[in-house]
Amino acid sequence: MESQSDKTQDPIEQAGASRPSANVYKSVEDRLAAQQRRKRARLRFTITAFLMGGLISWMAADLLVPDIAKATLSAKPAPSTPVISDELRALPPMQRDYELDALGNGDTLAALLTRANVHAVEADAALDQLRSVYDVRRLKPGQSVRLHREWPAGQDKTTHEGRFAGFDFIPVPEQKIIVRRTGFQSFTAIKRDRPLSDRHFLADGLINSSVYEAARSSGMSPNLVVELIRLFSFAIDFQRDIREGDQLEVLYTRRFDENNQVAQEGDIVFASLTNRGKRYAYWRMLQEDGSENYFDANGQSVQRLLMKTPVDGARLSSRFGMRRHPILGYTRLHRGLDFAAPIGTPIYAAGDGVIQRIGTYGNNGKYIRIQHRNGYETAYAHMNRFARRLKKGSRVKQGQIIGTVGRTGLATGPHLHYEVLHYEKPVNPRELNVPPQRNLDATALADLAQLKIDIAEKVSGLAASDNSLRSLPRRRSALAPQ
Ligand SMILES: [Zn+2]
């Protein structure tokens, strides 16, 4: 700040160069008036420079390092637009800094402020103002909060602890809540909309080792990759079918705030996997009921009644059919598939359904059985843990985590034993040919045809640009024909 106040001298001196010489002044009054004008101009400039300097350093912390690859799902707080009221303008120029904290389980904002050594009277005053714009009961554990401190401009931060200047947080990506000090023990609270925009990104490349790695190395977030794998898992058996040289092409979105920071992860708009010469391609379409589903080129939904593999990253360790039991020793029908995976690997419900049985069940150890539509049931054995709040009669969604891999019951090592039953008869999950969940009607098929053209254009546009941060502005028509 000191360097900035030095700089303020220069323009004034330069302005002085065009100053008329002393003998031009006709009277002393004129000279005094001119001096006063210059003084006022210098004062105005100094104040402006201080305010601007403060604002710039305050915002710089946010504007730097827009690292896309490291961007996480949690919204990065955007710099606050300073609210310059007359009241604020009257305050002496201050420098600001902030620290990050987050609400824990059963935590409150009041406790968070106490932790940060905010005086109780000030915390109360700030929270009072907050309540006028936001219902604090809506705050959830994990909510991150920026606590601001301020100290007089021009002074070294290390010598000042700084006083509490307010806090802000982003409860939903589209909204920011700001509480700012306005004076001695007085605060103001503002609810501000954050305009977000979607940008498209293309992940494309050859698969060297796994779909996961190929997608991650093209910049997709881990969560989106899991979605991608789930999308293909209905048609492709990842353990058996993927070959080196298979090709991946994914168009996906990310939402950015007005400061170019990733505010929210987006969706997969289009995905294609060329597997041993055969191309599997899916387009996302908005349905009349408001849900979004993926369809293949013929308008058949990707989603099937059941998933083929209800666990990620597992190795098939025992097939369906007659085999010698590794512990019991005699030969009998292996009624399902065994997937070897480390203890704690999440297990997904293979389809929508209702839990029929949950608990310890003989040699099966910890066991879950789910009833699905069309006479199908799935069973999961040797589990380590059940997901919380699941009980007999609970409804589960396809892909929902129902528990984790373990080695309970009669098991030689950690694995999931997975069974599919059709009208109580065990069937081989690998040979399942369950029907698609829905098909598009004629109107929707026409929309899909247009969507395919738009997406192809977008993909080739992005593929042609060699910018590693490839993006195009969102075009509504290309996303969801309505
Ligand atoms: Zn088994």
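Asks: I'm lost on the nonpolar core in this one. Help?
Replies: It is characteristic of soluble globular proteins that their nonpolar side chains tend to be buried jointly. Ranked by size, the top nonpolar core spans 58 residues in total, and within it A215, L228, V250, Y252 and Y380 carry the most contacts. Residue contributions to this core reach at least three from each of two domains, namely domain 3 (197-303 + 439-479) and domain 4 (315-431). For A215, the contacting residues outside a window of four places in its chain are A203, M220, V225, L228, L248 and V250. Ranked by size, the runner-up nonpolar core spans 19 residues in total, among them Y98, A123, F169 and V179.

Asks: Quick question: what am I supposed to make of helix α8 (residues 222-232) here?
Replies: Think of an α-helix as 3.6 residues a turn; residues three or four steps apart then line up on the same face. The set of residues buried in α8 consists of L224, V225, E227, L228, L231 and F232. Along the long axis of α8, the arc covered by the buried residues comes to 155°, so they all point the same way.

Asks: Help me out: how do you make sense of the sheet that holds strand β5 (residues 186-193) in this one?
Replies: Within a beta sheet, neighbouring strands are joined by backbone hydrogen bonds and run either parallel or antiparallel to one another. As summarised here, the arrangement of the five strands in space is β1-β2-β3-β4-β5, forming an open sheet in which the pairing is antiparallel. Looking at which strands have only one partner, the edges of the open sheet turn out to be β1 (94-102) and β5. Neighbour-to-neighbour, the strand axes of this sheet turn through a mean angle of 20°, independent of strand direction. Of the strand pairs in this sheet, strand β2 (residues 144-152) and strand β3 (residues 163-172) are connected by six bridges, and their pairing is antiparallel. By the bridge assignment, R146 is partnered in β3 with D168.

Asks: How do you make sense of unusual backbone geometry when you look at a structure like this?
Replies: Glycine aside, a negative phi is what most residues show, and trans is what most peptide bonds show. Residues other than glycine seldom take positive phi values, yet N374 does so here, at roughly 55°. Relative to the assigned elements, N374 resides in the loop between β17 (366-371) and β18 (376-386). Unlike most non-glycine residues, H382 shows phi in positive territory, near 65°. Among the secondary structure elements, H382 is positioned in strand β18.

The rules we used
Residues numbered from 1 in each chain as written. Predicted model: local features only at pLDDT ≥ 70, side-chain atom pairs only at ≥ 80, totals over all residues. Core = buried A, V, L, I, M, F, W, Y, C linked by C-beta atoms within 7 Å. Buried ≥ 20, exposed ≤ 12 C-beta atoms within 10 Å, placed from the backbone. Domains from an automatic or database assignment. Contact = placed C-beta atoms within 7 Å. Helix = DSSP H or I, 4+ residues; strand = E, 2+ residues; numbered from the N terminus. Arc of directions from axis to C-beta. Pairing = 2+ DSSP bridges. Axes fitted to C-alpha atoms, helices over the stretch in contact; angles between N-to-C directions.

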